[in-house]
Amino acid sequence: MRVPVLDLREVRKTYATGAAAVEALRGINLAVQAGEYVAVMGPSGSGKSTLMHIIGCLDWLSYGQYLLQGNDVSRMDERRLAHVRNREIGFVFQQFNLLPSLSALRNVELPLIYAGVRLGERRSRAREALAQVGLSDRVDHRPGELSGGQQQRVSIARALVTNPALLLADEPTGNLDSTSTADVLGLFDGLHAEGRTIVLITHEHDVAARAGRAVYMLDGELSEGLPERTG
Amino acid sequence: MNALETFRTAYGALRAHRMRSTLTVLGILIGIAAVMLTVALGQAARTLVLQQITAMGTNLIMVTPGGPDPQPEDPDGYQSFAYAALSLADVEALADPVNAPDVVGVAPTNESYTTVTSGEESQEVSLAGSTPDWLSVRGRTVQSGRFFSADEAARGARVVVVGTTTAQQLLSGGDPLGAEVTLAGQSFTVIGVLNSAGSALGEDQDNLLVIPRTTLLQQIDTSSNPNDVNTLYLQAKDQESLSAAYQQIERTLMTRHGNTEGAKDFSILTQQSLIDTANQTTAILTAALGGIAAISLLVGSIGVMNIMLVSVTERVREIGLRKALGATPAAIRNQFLVEASMLGLLGGMLGLLLGMGVAWVIGVLTDFPVVPSVSATALALGVSLLIGIVAGVYPAARAARLAPIDALRNE
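Worth saying up front: this structure is predicted, and the values here are computed from it rather than measured. (Residues numbered from 1 in each chain as written. Chains lettered and ligands numbered in written order. Predicted model: local features only at pLDDT ≥ 70, side-chain atom pairs only at ≥ 80, totals over all residues.)

Draft legend 1. Just the overall build of chain A, in detail. For chain A, the helix and strand inventory stands at seven helices and ten strands. In summary, chain A has a C-alpha radius of gyration of 18 Å against a globular reference of 17 Å for 231 residues, a match within 12%. In terms of overall dimensions, chain A has a C-alpha envelope of 50 × 45 × 45 Å along the principal axes. Expressed as a percentage of the 231 residues in chain A, the buried residues total 47%. In chain A, of all internal contacts separated by at least 6 residues, the share reaching a separation of at least 24 is 70%. (Helix = DSSP H or I, 4+ residues; strand = E, 2+ residues; numbered from the N terminus. Rg over C-alpha atoms; globule rule 2.2 N^0.38 Å. Buried ≥ 20, exposed ≤ 12 C-beta atoms within 10 Å, placed from the backbone. Contact = placed C-beta atoms within 7 Å.)

Draft legend 2. Spatial organisation of the interface of chain B and chain A. Each side of the interface is counted separately: chain B has 18 residues, and chain A has 20 residues. Counting only elements with at least two residues in the side of chain B that touches chain A, the list comes to helix 1 (3-16), helix 10 (316-324), helix 11 (329-365) and helix 13 (404-409) of chain B. Per-element accounting of the side of chain B that touches chain A gives the leading share, four residues, to helix 10 of chain B. Taken together, the residues that form the side of chain B that touches chain A break down as eleven nonpolar, four polar and three charged. (Nonpolar A, V, L, I, M, F, W, Y, C, P; charged D, E, K, R; others polar.)

Draft legend 3. Examining helix 4 (residues 119-132) of chain A more closely. Residues and elements named next belong to chain A. Compared with an ideal rise of 1.5 Å per residue, which puts 14 residues at 20 Å, helix 4 spans 20 Å between its outermost C-alpha atoms and is within 8% of the ideal. Buried within helix 4 are the following residues: R122, A126, A129 and L130. Each buried residue of helix 4 sits inside an arc of 100 degrees when the element is viewed along its axis, so together they form one side. Exposed side of helix 4, more than 90 degrees from the buried face: G120, E121 and S124 are the residues found there. (Expected span 1.5 Å × (residues − 1). Arc of directions from axis to C-beta.)

Draft legend 4. Local environment of the pairing of strand 6 (residues 121-130) of chain B. Residue and element names in this part refer to chain B. Bridge analysis of strand 5 (residues 103-118) against strand 6 gives nine bridges, and the strand direction is antiparallel. Bridging across to strand 6, N110 finds its partner in G129. From the end of strand 5 to the start of strand 6, which pair antiparallel, there are two residues, and G119 there has a positive phi angle of about 60 degrees. Bridging between strand 6 and strand 13 (residues 208-212) involves five bridges; their strand directions are parallel. Of the residues in strand 13, the one forming a bridge with S126 is L208. (Pairing = 2+ DSSP bridges.)

Draft legend 5. View of unusual backbone geometry. Residue and element names in this part refer to chain A. You will see that C57, though not glycine, has its phi angle at about 60 degrees, which is positive. Position of C57 among the secondary structure elements: in the loop between helix 1 (48-55) and strand 4 (63-68). Of note in this structure, F96 is not a glycine but carries a positive phi near 65 degrees.

Draft legend 6. Highlighting the packing of helix 11 of chain B against helix 12 (residues 374-401) of chain B. Residues and elements named next belong to chain B. The N-to-C vectors of helix 11 and helix 12 enclose an angle of 150 degrees; their axes lie 7 Å apart at closest approach. One finds that helix 11 runs roughly antiparallel with respect to helix 12. Viewed along their axes, helix 11 and helix 12 form a crossing whose handedness is right-handed. (Axes fitted to C-alpha atoms, helices over the stretch in contact; angles between N-to-C directions. Parallel < 35°, antiparallel > 145°, perpendicular 65-115°, else oblique. Left-handed = near helix turned anticlockwise from the far one by under 90°.)

Draft legend 7. Region of interest: the sheet that holds strand 9 (residues 213-218) of chain A. Residue and element names in this part refer to chain A. Taken in spatial order, the six strands make up an open sheet running 6-7-8-3-9-10, and their pairing is mixed. A strand with exactly one partner marks an edge of an open sheet, and here the two such strands are strand 6 (89-92) and strand 10 (221-224). Neighbour-to-neighbour, the strand axes of the sheet open up by a mean angle of 20 degrees, direction not taken into account. For strand 3 (residues 37-41) and strand 9, the ladder comprises four bridges, and the chain directions are parallel.

Draft legend 8. Focus on the packing of helix 2 (residues 18-55) of chain B against helix 11 of chain B. Residue and element names in this part refer to chain B. One way to put it is that helix 2 packs onto helix 11 with a least axis distance of 7 Å and a crossing angle of 45 degrees. Taken together, the axes of helix 2 and helix 11 lie oblique to each other. Here helix 2 and helix 11 pass one another in a crossing that is right-handed. Looking at the contact of helix 2 with helix 11, its residues break down into 16 nonpolar, nine polar and no charged.

Draft legend 9. The arrangement of the pairing of strand 10 (residues 186-194) of chain B in detail. Residue and element names in this part refer to chain B. Bridge count between strand 7 (residues 142-145) and strand 10: three bridges; the pairing is antiparallel. Its bridge partner lying in strand 10, V142 is registered against L194. Where strand 8 (residues 159-162) lies against strand 10, four bridges are found, and the strand directions are parallel. Paired with V162 across the bridge in strand 10 is V193.

Dropping the structure here:
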């Protein structure tokens, strides 16, 4: 059997808020194979954002084990985690998180700068990634000069440019109108078809329905499949 | 992340906050300019004072009555110094090559201030009564006319040599040679005008009358003992024999006055001792003023640190994003360090330009010989860079320590 792209084993996360300890994740087990498109659903406060931060190596887990591409990231220091985030994970955020003073091209180049890629190669790879999301004619625009949908496509290009093992999207359509939402989801469909591994966090059923597999978070616990729609 | 990218990123961040960066740079700029200028002015003051001391004569030695060493207090508790007048006999002894072989010129001089008049004009001047040696011993030359002769000195002729300031103000542009001036009710003939020597130790050396010493004591200052000399100017053969001459003079006078060590009744000043004092004084002055200017530099560097802290707080989200995209703590730290260093160095370079500009203007507008030194320039740049780095260390470390999740969560 192939090594899963990500493999969470009995993962727990506890926050100490004053006297009371809040258990955000209560023993999560989740394995995602290469090429899978997984939607993580759940109401707000269910712990899905915490899960996303753990998967993205942005936060440390309190207990359990997390293997990314077979490597145990739960014991890595901040410097090695930075390399893992740079090479293995491509983030797409709800708020886009583009740097407003940089052009689309420079924004997409950022992860390659931290990877130490030379200028010439960096430029051509960033242009390629922007072409892949259909923004070849917007490379020199700054985020402020782009629509929300275009900005999210820039951030998808930024996530793809390092050719990461995992594309991790946190409510990527949360700030978009329906046309742009369709656009972005179409892009994800295409990437899935190309064989990319995608984990997408959402609270919208329509969005989750596009993924090949859906898991549901509730009160810090994860279950396979979606509950019956009630509304 | 390579150095070039770090610089590009830092430069971009500074450009994005142009107003704030400019004001921060201004703080360093003013500090560096102030330090540079005070040091340059201090050095200029030193050069100027040295020039003036040199202008008093070459290899000049001055002897005045009254010893430098405090004597034991008398029963009434008064501090005293040994005192004996310098006499013409002392002068003769020092002029004798047997006693003082390294002394080549002796000019016994009595100096005072007086009022000189010519027609309606009158002028406060310093009056020196001396011998023909005065001219060479004091390193002066005659611009027009001549100095008085030994013969004139011997017979107490009423002749006077004037400085340029006195000539201009008293005789208002007319030909000074042959003019008659009145001194203590006596009429004197101007026979020469001295070349300008500028001012020395705050005194205009060109507002001056020189007459024969005998004339002064016989016809003007009749109350003084004609045998007493109040300042004795001597000239050593050359720079090398200056200290030998000093010792010969000291030994001769101590023997003649029957002085013991520690109870001399005369004082000897050389140009070297004046130069040493002047160097000391200007060094203290420069350090004091430079210290005050350095405080403004300190304030400027606090400004850099302050703005870097604001910058880190304000860009928590950006830092989080960069970390999520793979920036290591070191990369983040370097970015902020380079930003702070650029602020410091930019302020340093502009401050240097300002300081040099002001120094140049001062040099053009006044006779103050302000010269910006290369070592001060290098030091200023080094210091400003260091300030940037030191001021940046703490904010940069804070930025590097931020957890990516806390940074990204910040709205």
